[in-house]
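Structure assessment
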Amino acid sequence: MHITGPTKFTRLIIYALLIVFSIMMITPVYILVKVSISEPKEVNTDHPTFLIHDATLEHWKNILLADKKTENGMVIYHISSDRYTLRGVDGSTLNLTPDDQYTINGVLRKIQLEDGRSISLDLEELSKLREISESTKTFFSKDIVRDLYAPLGKSLTVATLATIIAILIASPAAYVISRFPKKIKYTVILALLFTRMFPDVGIALPIATRFLSWQLTDTTLGLVLAHLIPNLPFLAWILVGTFDVIPRDLEKAAMIDGANRISALTKIVFPIAAPGIAVGAIFVWLNSWNEFIYARYLSTVASTLPIKTYEVITTGTFFTAAAYSTILTIPVILITFFLQRYIQSGMLSGAVK
Amino acid sequence: MSFARKYWLEITMFIPLVLYIFYFTLIPVLQTIGISFIDQSTGKISLINYQILFADINFERALFNTIFITLVGIILQLIIALIIALLLKQKFAGQGFFRTVMLIPMGVPTLVSGATLLFIFGQTGYFNELLYRLGIIDTQPFWLGGGIETLFVIIFADMWKVLPLTILLLLAGLESISEDVYEAAAVDGASKWLTFWNITLPLLKPSITMAVILRAIDSFRIFELPLVMTGKNAPVLSTFAYETFRRNQYGQSGAAATILLGIIIIFIIFYMFLVERKERE
C-alpha cells in the first residue's frame, strides 16, 4: 500500500508554520547583534527601529580596544511625573525632565545627563521615585570600570582546566561503569542522573562556606572544583555509552598478544574511545564556559565572563551589554553547529545550557 | 582481599569519581538540609527557618512563581515542541535547513537569552514597538514588573531557550515509531487525528516522560532568566536562596533549597505514579 505524501495545501501550511517558528527562533539573536552595532539613537528611543539603518562598530571598539574604560552608567526607571531634582555629591542640583530620560529595558535604565554627569539608583530607590513626585535624595555617581580581557582569560582558563580534569576523572570511571554487570551498571547510571535533581543553590551554599574557609573564593581553583560538580556525572554518563560499544574481545585479544591490562587500555580502548571523549569534553567545556550559579556564589568581584556579562547587563549600557553577550555566545553557537550531528537527545539533557 | 587484588585497576579508575560526587555533591546536599533545621542564633535544632520563610511574602511569591513557571511552562513547551517535531518529521524540501534553524537557541547561553529577551520585552523594547506599529497599544506597558504577565515573559524566554532540546527529544521518539504502524492504521481507514491520538501519542510516551522530567528538574531550578530579566521583581526559589545566602541567612537559604529539592522529588514521584497507574489501566 502506498501512502500518499502531503498534498500541496498541507505542504503550504507546513512551510507557513515552519517559517513562523523559524522567525521566532532567529529574532532574539538578530536583535542581540543588531543592538551591538546600532547607533544609540536607534535604540535609545521610545520607538526602536527593527532594521539596521546606520551600523557602527563603536561599541565593539570600546570594549575590544579600550583596556580599561570608565563609563558613567546611570540607571533610572521610567518616571511618570514631570520633574525630579537630583542632588549631586558636590551639592549641585540637577534637574531631570522626562525628555532627557530614556528607558532602557527591564530593571535598570540609564540616562546620560546633559552636562555629562550621571546618577545611579538601585531598585528600592527607583520604586520610591515612582511613588513620590519629588526626591531630594543624594545620589552618588558610580563609575563602572569595564575590562573585557581579565574575565575572558579567567573563563577560558577555568573551562579548559575543568575539562581536562573532568576527562581524567570521568573517562576511566565511565569505562569501569560500562564493564559492570548489567544490573549494577544501570543502578550506577541512575545514581549519576539522580545527582542532577539536586538544586545548584543547595550544593553551592555549603560549598561556598567551605571554600571561604579554604580561601578558594575568587580563585581559579575554586571555580574549577565547583564546575566539576555538575560536569563529572554528566561526562561519565555520556561516556558510558561510548565505552559500551567497544567490544571486550578487543582488550582480551590485546592481552593474549602479551599486553598487560594497562597498556591494553591505553593503547587499544582509550584511542578508540577518543572521538567520543572529545565530543563529551567539548560539551563540558561549554557548560563551564556558560556556568553562572557557582561562579556567582564563589565570587565577590566580577570573575568569569558570564558574571562580567551579567554585571554589564544590569549596570552598563545597552550596547556594551549586547556586545558582551555576543562574545559570550560566539563559541557556544559555533560549537553547537559544528557538533550538530553528535547532539543526541540523551547527551542533550545535560548539555548546552 | 582477593577482590581488591583482582579488581585493583577498576577500583583505582572508579574511586575518584565516587569520592568527588560524595564529597562535593552528596555531603553538601546533606549539609544544606542540616543547616535548614538549625537555628543560627542558638545553634539548636528547630523549625525556625521554615517558620520565617512561610511568613515571608517574598518567599511565598518565589514558591508560587517557581511552580507556576514550571507547570505552565512545561505544558506550553510540550505542545509547541510536539507541533514543531511533527512538522519537521514530514518530508519536504529544505528539511535540513529548518532543522538547523530550530537548533539556534541552543547555541545561546541562558544568560544571554535573558539579556536579549530583555531588549525585546523591555518597556521601550521591540515587542512593545511591534504592538504599537500594529496599532494594538499606544502606551508602553511594562511587562517585567513582577505580575502574572512577567511570569509569562519568563516562560516564553525559558521556552525559547529549551525548545531545541525538547524538539530533538520528541523527534527522536517520533522517528523510532515504525512506518508499518501507520500503514496498518491507514489500511484500517483511521483518520489522521485518530491515528495521532491513538497511535502516535501512546508510542511517544517514553519520550514525553523523559522530556517532562528533564525539563521539570531544570525549570524548577530556574535562576538566570528571572534574575537577568526582572532583578528582584519576580523571585523564584533559586534566586530567593541566593539572596538569603548573600545576606548571610544561611539557615533560610538552606531551607529554601531544601524545599526546592523536596518539590522536585515530589513532582517526579507524582508524575511517575500517574504514568504508571495509567499504564496499568
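Here the structure is a predicted model, which is why all the values come from computation and not from measurement.

Conventions and cut-offs
- Residues numbered from 1 in each chain as written.
- Chains lettered and ligands numbered in written order.
- Predicted model: local features only at pLDDT ≥ 70, side-chain atom pairs only at ≥ 80, totals over all residues.
- Heavy atoms only, no water.
- Helix = DSSP H or I, 4+ residues; strand = E, 2+ residues; numbered from the N terminus.
- Buried < 20%, exposed > 50% of the residue type's maximum accessible area, 1.4 Å probe, protein only.
- Contact = heavy atoms within 4.5 Å.
- Areas by Shrake-Rupley, 256 points an atom, 1.4 Å probe, with all protein chains shown as cover.
- Salt bridge = Lys/Arg side-chain N within 4 Å of Asp/Glu carboxyl O.
- Polar contact = N/O pair within 3.5 Å; in protein donor to acceptor, adjacent residues only side chain to side chain.
- Nonpolar A, V, L, I, M, F, W, Y, C, P; charged D, E, K, R; others polar.
- Axes fitted to C-alpha atoms, helices over the stretch in contact; angles between N-to-C directions.
- Parallel < 35°, antiparallel > 145°, perpendicular 65-115°, else oblique.
- Left-handed = near helix turned anticlockwise from the far one by under 90°.

**Digging into the overall build of chain A**
Of regular secondary structure, chain A possesses 14 helices and four strands. Expressed as a percentage of its 353 residues, the buried residues of chain A come to 54%. In chain A, 69% of the contacts between residues at least 6 apart in sequence involve partners at least 24 apart. Accessible surface, chain A: about 15900 Å² in total, of which carbon and sulfur atoms supply 64%.

**As for the environment of Leu82(B)**
Residues and elements named next belong to chain B. Mapped onto the fold, Leu82 is located in helix H4 (residues 57-89). Judged by its relative accessible area of 13%, Leu82 is buried. Remark: the alpha-carbon pair of Leu82 and Ile167, spanning 85 residues in sequence, is separated by 6.7 Å. For Leu82, the contacting residues outside a window of four places in its chain are Leu170, Phe196, Leu201 and Leu204.

**Considerations on the interface of chain A and chain B**
The interface of chain A with chain B comprises 100 residues on the first partner and 100 residues on the second. For the pair chain A and chain B, the number of links is two salt bridges. One salt bridge connects Asp218(B) with Arg196(A), and the closest N-O pair in it is separated by 3.4 Å. One can count 15 residue pairs in polar contact (both at pLDDT 80 or more) joining chain A with chain B. If one sorts the elements of the side of chain A that touches chain B by residue count, helix H1 (residues 8-36) of chain A sits on top with 17 residues. Considering only residue class, the side of chain A that touches chain B consists of 69 nonpolar, 20 polar and 11 charged.

**Some details on the pattern of salt bridges**
Residue and element names in this part refer to chain B. Counting across every chain of the model gives nine salt bridges over all chains. Between Glu129 and Arg133 there is a salt bridge, with the nearest N and O atoms lying 2.8 Å from each other. Of this pair, Glu129 and Arg133 both sit in helix H7 (residues 126-133), four residues apart, which is roughly one turn of the helix.

**Here we look at the packing of helix H12 (residues 305-315) of chain A against helix H13 (residues 318-338) of chain A**
Residue and element names in this part refer to chain A. Packing of H12 against H13 brings their axes to within 8 Å, and their N-to-C directions diverge by 160°. Of the possible angle classes, the one that applies to H12 and H13 is roughly antiparallel. Where H12 crosses over H13, the handedness of that crossing is left-handed. Of H13, the residues touching H12 (which contributes Leu305, Pro306, Lys308, Thr309, Val312 and Ile313) are Thr320, Ala321, Tyr324, Ser325, Ile327 and Leu328. A breakdown of the residues in the contact of H12 with H13 according to their chemical character gives eight nonpolar, three polar and one charged.

**Some thoughts on unusual backbone geometry**
For Asp218(A), which is not glycine, the phi torsion reads 65° and is therefore positive. Structurally, Asp218(A) can be placed in the loop between helix H7 (200-213) and helix H8 (220-244). Positive phi is not limited to glycine here, since Asn248(B) has a value of about 65°. Within the secondary structure, Asn248(B) is located in the loop between helix H12 (237-246) and helix H13 (250-280).

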